[in-house]
Amino acid sequence: KADYLAFTQGKAPEFFVCGFHVIFVSTHLPAYCEDHGLPSWVGATSLSIIGIGNVVGTFCAGALGARYPGNKNKLLSGLYATRSLMFALFVTLPLHTVGVLAFAFLLGLLWLSTVPLTSGLVSDMFGAKYSSTLFGIAFCSHQLGSFFGAWLGGYIYDETGSYDLMWWLE
């Protein structure tokens, strides 16, 4: 029971944040780009580029987790720290087409690369018997974060006419 509580207080909130990021970006990035005067193809293309980066990043994260099984938590922390740094740079640097497309690819590398590491940690901590149930609980928190990422992004935009506050929350 103590291990379960440690898990839900540690990994589930990380996955909430992951869902918050992923769905905010996939829902609102195209509109954000257009609001800043970029052509509409930039936002749409950026989502495609995120998908390409996601395939590469998720595969690499899984391979690194398998190669360094004792360091999954450090790899996962590094992913979240890098993601935070990328959001900070994206918000502070001037917005232009090349920057958005580069951000999209780099974010794609980190997009769902959290999944193999999180599921691996769950399995390492609790064994195969409970890993499906516990990963399902963690994934539920991801979905709650997804809801808030999409909804809060729209709410903030409706209230302020800008996504700026939401980007800073990322």
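Our subject in this report is the structure included herewith. No experiment lies behind these values; they were computed from the predicted model shown.

### A closer look at the pattern of salt bridges
Next up, step 1: Overall, the coordinates contain one salt bridge when judged by the stated rule.
Next up, step 2: For the salt bridge of D124 with K72, the shortest nitrogen-to-oxygen distance reads 2.6 Å. You can see D124 sitting in helix α5 (residues 114–126) and its partner K72 sitting in helix α3 (residues 72–92), a full 52 residues away along the chain.

### Topic: helix α4 (residues 97–110)
Working note: α-helix, 3.6 residues per turn, so residues spaced by three or four point in the same direction.
Next up, step 1: For α4, spanning 14 residues, the distance from its first C-alpha to its last is 20 Å, which sits close to the expected 20 Å at 1.5 Å a residue.
Next up, step 2: Those residues of α4 that sit buried are V100, L101, F103, A104, L107, G108 and L110.

### What to know about the nonpolar core
Next up, step 1: Core analysis: the largest hydrophobic core is formed by 33 residues, its most contacted members being V25, L29, I50, F90, F103, L107 and W167.
Next up, step 2: Only α1 (2–35), α2 (40–67), α3, α4, α5, α6 (128–160) and α7 (164–169) provide two or more residues apiece to this core.
Next up, step 3: Counting residues per element, this core draws most heavily on α1, which supplies nine residues.

### Focus on the side chain of H28
Next up, step 1: Here H28 shows up in helix α1.
Next up, step 2: H28 sits in the buried class, given a relative accessible area of 7%.
Next up, step 3: A polar side-chain atom of H28 sits 2.9 Å from the main-chain carbonyl oxygen of A150.
Next up, step 4: Those residues within four positions of H28 in sequence are excluded, and the remaining contacts are G149, A150, G153, G154 and Y163.

Reading guide: rules and limits
Residues numbered from 1 in each chain as written. Predicted model: local features only at pLDDT ≥ 70, side-chain atom pairs only at ≥ 80, totals over all residues. Heavy atoms only, no water. Salt bridge = Lys/Arg side-chain N within 4 Å of Asp/Glu carboxyl O. Helix = DSSP H or I, 4+ residues; strand = E, 2+ residues; numbered from the N terminus. Expected span 1.5 Å × (residues − 1). Buried < 20%, exposed > 50% of the residue type's maximum accessible area, 1.4 Å probe, protein only. Core = buried A, V, L, I, M, F, W, Y, C linked by side-chain atoms within 4.5 Å. Polar contact = N/O pair within 3.5 Å; in protein donor to acceptor, adjacent residues only side chain to side chain. Contact = heavy atoms within 4.5 Å.

As far as function goes, none of this settles anything; it's purely spatial.
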